[in-house]
Amino acid sequence: MKLTLIGTGYVGLVTGACFAEIGHRVICVDNDAAKVKVLQAGGIPIYEPGLEELVKKNVAAGRLSFTTSTAEGVEQSDVIFIAVPTPPLPDGSVDLSFIEKVAREIAAAMTGYKIVVDKSTVPVRTGEKVAETIKRYCKARVEFDVVSNPEFLREGFAVEDLLHPDRVVIGVKSQRPVPAMKELYAPLPAPVIVTDISSAELIKHASNSFLALKISYINAISVLCEATGANVEEVANGMGMDDRIGRRFLNASLGFGGSCFPKDLSAFIKIAEQVGCDLGLLKEVQKINAAQMDRFVKKISDTLWVLKDKKIGVLGLAFKQNTDDVRMSPAIDLCHRLQKEGAILRVHDPKAMEKAAAVLSDVTFVPDMNAVAEGCDALVIATEWEEFKQLDLERARKALSHPILFDGRNLFHPAEMERLGFIYKSIGR
Ligand code: UGA
């Protein structure tokens, strides 16, 4: 099939590359000419495992191309995906101006029937607004359908998630676009559910909010574990063996971050308010998440006492493993909090140092994770990179002025760390 993806961010670019991989002809559009130039020259503006190979392979096969022209994309495709950013506004609601602008551009370029699919995460009822806008701005008066087709990929695992989705959700007003949407996803081994547009939009926000709630739930339990001498990991393992609960997203941490959960929670609470519902439960999720970071910072200052002029090594800057994304990263927040107390930071991240340099100043970026502890008073783990588990602990212990390690991601075993001579403080254990 012939598709166009408008927006080449994490979702748009990975979705475009994966659709090309399963045999469709895909045009990716972005209004950022510099970015399109990079993509046309074979460069990838983000770090996402497996993406570069996929893009190269499909560009070479003639199935994937890049342009700045929305009109070109609309003209040459049957299905147009909107995958532009929906950033948060100061009051917690979502800025839908990019979606609205793209809807107008699509409308202006349409000369025949098109399926316009919303992939961006949007508040419920955005589909209705997109349809209204296209109708209003389409001079050619051609028929079209608007579809909500939310994306559930995780950064760092995006290609894998996209090629092996748990489900494909298709929200429609009429049945006309359904066969084409099903054909699009036919090569993927996933159940497809067809709903109305509002339900599809709600499935996305409700899913992300539930996952955030799951993390805050185990984080709340981690506080109880610390107060009673229990071990949150054992509690999570025991809970997770119940199929109805499941073990995933029950990893206690210094809190969740990223460009999705914090923003989607605020947006969901806001949209619920606008229709007269109080999602107080989700406000509690936000509170627990903020408190988790406060507690972690307090743990550090309780142990080190005065932080002014203390040298602290921080491992991890990305908001999670396998990505270079530092948007709303708890690790960056932690660095800022420690700096505010006067601490001097030596930091490392396997992929996110370049992007972190734009938001962190007065830190020493250390290219080798094993050299971070050099001359520090303590070491902190802020991101759950798998490779941090391979840290040379013996070297770190000798390099630290006193062997203190704060683990915000529970990467090591407390008993083993004690055996190695560390004062080891983690979450809920
Ligand atoms: C999240 C969802 O998982 C995706 O399904 C969704 O498509 C995406 O948002 C989106 O809306 O675009 P993502 O933000 O990429 O994906 O990352 P997650 O793997 O969900 O992690 C989010 C945050 O939660 C990270 O800071 C991570 O460290 C933290 N986390 C995750 C925990 O603290 N504990 C856990 O058990 C799991």
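These numbers come from a predicted model, not from an experiment. (Residues numbered from 1 in each chain as written. Predicted model: local features only at pLDDT ≥ 70, side-chain atom pairs only at ≥ 80, totals over all residues. Heavy atoms only, no water.)

K.L.:
I keep staring at empty space enclosed by the protein and nothing clicks. Help me out?
P.N.:
Take a probe with the size of a water molecule and roll it over the atoms, and the empty space left behind shows itself. Under the defined criterion, the tally for this structure stands at one cavity of 30 Å³ or more. The computed volume of the largest cavity comes to approximately 40 Å³. Contributing to the lining of the largest cavity are Asp118, Ser120, Thr121, Val122, Ser148, Pro150, Glu201 and Lys204. (1 Å grid on protein atoms, 1.4 Å probe; cavity = no way out; pocket = protein on both sides within 12 Å on 5 of 7 lines; lining within 4 Å. Points joined across faces, edges and corners; volume = space filled by probe spheres on them.)

K.L.:
It is not clear to me how the side chain of Ser77 should be interpreted in this structure. Could you clarify?
P.N.:
On the secondary structure map, Ser77 appears in the loop between helix H4 (70-75) and strand S4 (79-82). The class for Ser77 is buried, based on a relative accessible area of 1%. A distance of 3.2 Å separates the side chain of Ser77 from the backbone oxygen of Gly73, its partner in a polar contact. Setting aside anything within four residues of it in sequence, one finds Ser77 in contact with Lys2, Leu3, Thr4, Arg25, Ile27 and Lys114. (Helix = DSSP H or I, 4+ residues; strand = E, 2+ residues; numbered from the N terminus. Buried < 20%, exposed > 50% of the residue type's maximum accessible area, 1.4 Å probe, protein only. Polar contact = N/O pair within 3.5 Å; in protein donor to acceptor, adjacent residues only side chain to side chain. Contact = heavy atoms within 4.5 Å.)

K.L.:
Just checking my understanding: could you explain the site of the ligand for this structure?
P.N.:
Around the ligand sit 22 residues in total, of which Leu153, Glu155, Asn208, Ser253 and Glu384 are the nearest. The separation between an oxygen atom of the ligand and a polar main-chain atom of Asn251 is 2.9 Å. Taking Gly257, its main chain carries an N or O atom lying 3.0 Å from an oxygen atom of the ligand. Alone, the ligand offers 720 Å² of accessible surface; in the complex the protein occludes 93% of this. Mapped onto the shell around the ligand, the elements with two or more residues apiece are helix H9 (197-228) and helix H11 (261-274). Its residues assigned to classes, the shell around the ligand comprises 10 nonpolar, four polar and eight charged. (Near = heavy atom within 4 Å. Areas by Shrake-Rupley, 256 points an atom, 1.4 Å probe, with all protein chains shown as cover. Nonpolar A, V, L, I, M, F, W, Y, C, P; charged D, E, K, R; others polar.)

K.L.:
What exactly am I supposed to notice about the pairing of strand S2 (residues 25-29) here?
P.N.:
When a strand is regular, its side chains alternate between the sheet's two faces. Of all five residues in S2, four are buried, a share of seventy percent or more. The pairing of strand S1 (residues 2-6) with S2 spans five bridges and is parallel. In the sheet register, Lys2 faces S2, and the bridge partner there is Arg25. Handedness of the crossover joining S1 and S2 through helix H1 (residues 10-21): right-handed. In this structure, S2 lies alongside strand S3 (residues 64-67), joined through four bridges in parallel fashion. Along S3, the bridge assignment pairs Cys28 with Phe66. (Pairing = 2+ DSSP bridges. Right-handed = clockwise from strand over helix to strand, strands pointing away.)

K.L.:
Quick question: what am I supposed to make of the packing of aromatic side chains here?
P.N.:
For any pair of aromatic rings, geometry is given as the distance between the ring centres together with the angle between the planes. Within the structure shown, the criterion is met by four aromatic pairs. When the centroid spacing of 5.3 Å and the interplanar angle of 65° are considered together, the rings of Phe19 and Tyr185 count as edge-to-face. Here Phe19, found in helix H1, pairs with Tyr185, found in helix H8 (residues 178-185); they are 166 residues apart in sequence, far enough to count as distant. Just as Phe19 is buried, Tyr185 falls in that class too. Pairing Phe249 with Phe261 gives two aromatic rings, centres 6.4 Å apart and planes at 65°, and the pair type is edge-to-face. (Phe/Tyr/Trp six-rings, centres within 6.5 Å; stacked < 30°, edge-to-face > 60°.)

K.L.:
I'm lost on the sheet that holds strand S14 (residues 423-425) in this one. Help?
P.N.:
Sheet strands pair by backbone hydrogen bonding; their relative direction is either parallel or antiparallel. One open sheet accounts for six strands, arranged S11-S10-S9-S12-S13-S14; its pairing is parallel. With partners counted over all chains shown, the strands left at the sheet margins are strand S11 (363-365) and S14, one partner each. The sheet shows a mean angle of 20° between the axes of neighbouring strands, taken without regard to direction. The pairing of strand S12 (residues 378-381) with strand S13 (residues 404-407) spans three bridges and is classified as parallel. Counted as the bridge partner of Val380 is Phe406 from S13. With respect to the sheet, helix H12 (residues 280-304) is in contact with strand S9 (311-315), S12, S13 and S14, its orientation differing from that of S13 by roughly 170°. (Axes fitted to C-alpha atoms, helices over the stretch in contact; angles between N-to-C directions.)

K.L.:
Can you help me understand a positive patch on the surface in this one?
P.N.:
On the surface, Lys135, Lys139, Arg141 and Lys173 cluster together into a positively charged patch. Residue placement: Lys135 occurs in helix H6 (residues 126-137). (Patch = residues over 30% accessible without salt bridge, like charges linked within 9 Å, V, L, I, M, F, W, Y side chains within 5 Å. Salt bridge = Lys/Arg side-chain N within 4 Å of Asp/Glu carboxyl O. Lys, Arg positive; Asp, Glu negative; His and termini not counted. Charge placed at Lys NZ, Arg CZ, Asp CG, Glu CD.)

K.L.:
Explanation requested: the nonpolar core in the structure shown.
P.N.:
The nonpolar side chains of a soluble globular protein tend to be buried with one another. Counting 61 residues, the largest nonpolar core has Ile300, Ile312, Leu334, Leu338, Leu345 and Leu379 as its most contacted members. With residues near it in sequence (within four places) discarded, Leu379 still touches Gly313, Leu315, Val372, Ala373, Leu391, Ala396, Leu400, Ile404, Leu405 and Phe406. In this structure, Leu39, Ile170, Val172 and Met181 belong to the second largest nonpolar core, which totals 41 residues. (Core = buried A, V, L, I, M, F, W, Y, C linked by side-chain atoms within 4.5 Å.)

K.L.:
What should I look at first to understand the pattern of salt bridges in this one?
P.N.:
One side chain can pair with another of opposite charge once the charged atoms of both are near each other. Counting across every chain of the model gives 30 salt bridges. We note a salt bridge from Lys298 to Asp302, for which the minimum N-O separation is 2.9 Å. With Lys298 and Asp302 both in helix H12 and four residues apart, this pair spans about one turn of that helix. Judged by its relative accessible area of 52%, Asp302 falls in the exposed class. Linking Asp309 and Lys308 is a salt bridge whose minimum nitrogen-to-oxygen distance equals 3.7 Å. Exposure class is identical for Asp309 and Lys308. Each is exposed. Overlapping salt bridges, with partners in common, bring together Lys270, Glu273, Asp278 and Lys283 in one network.

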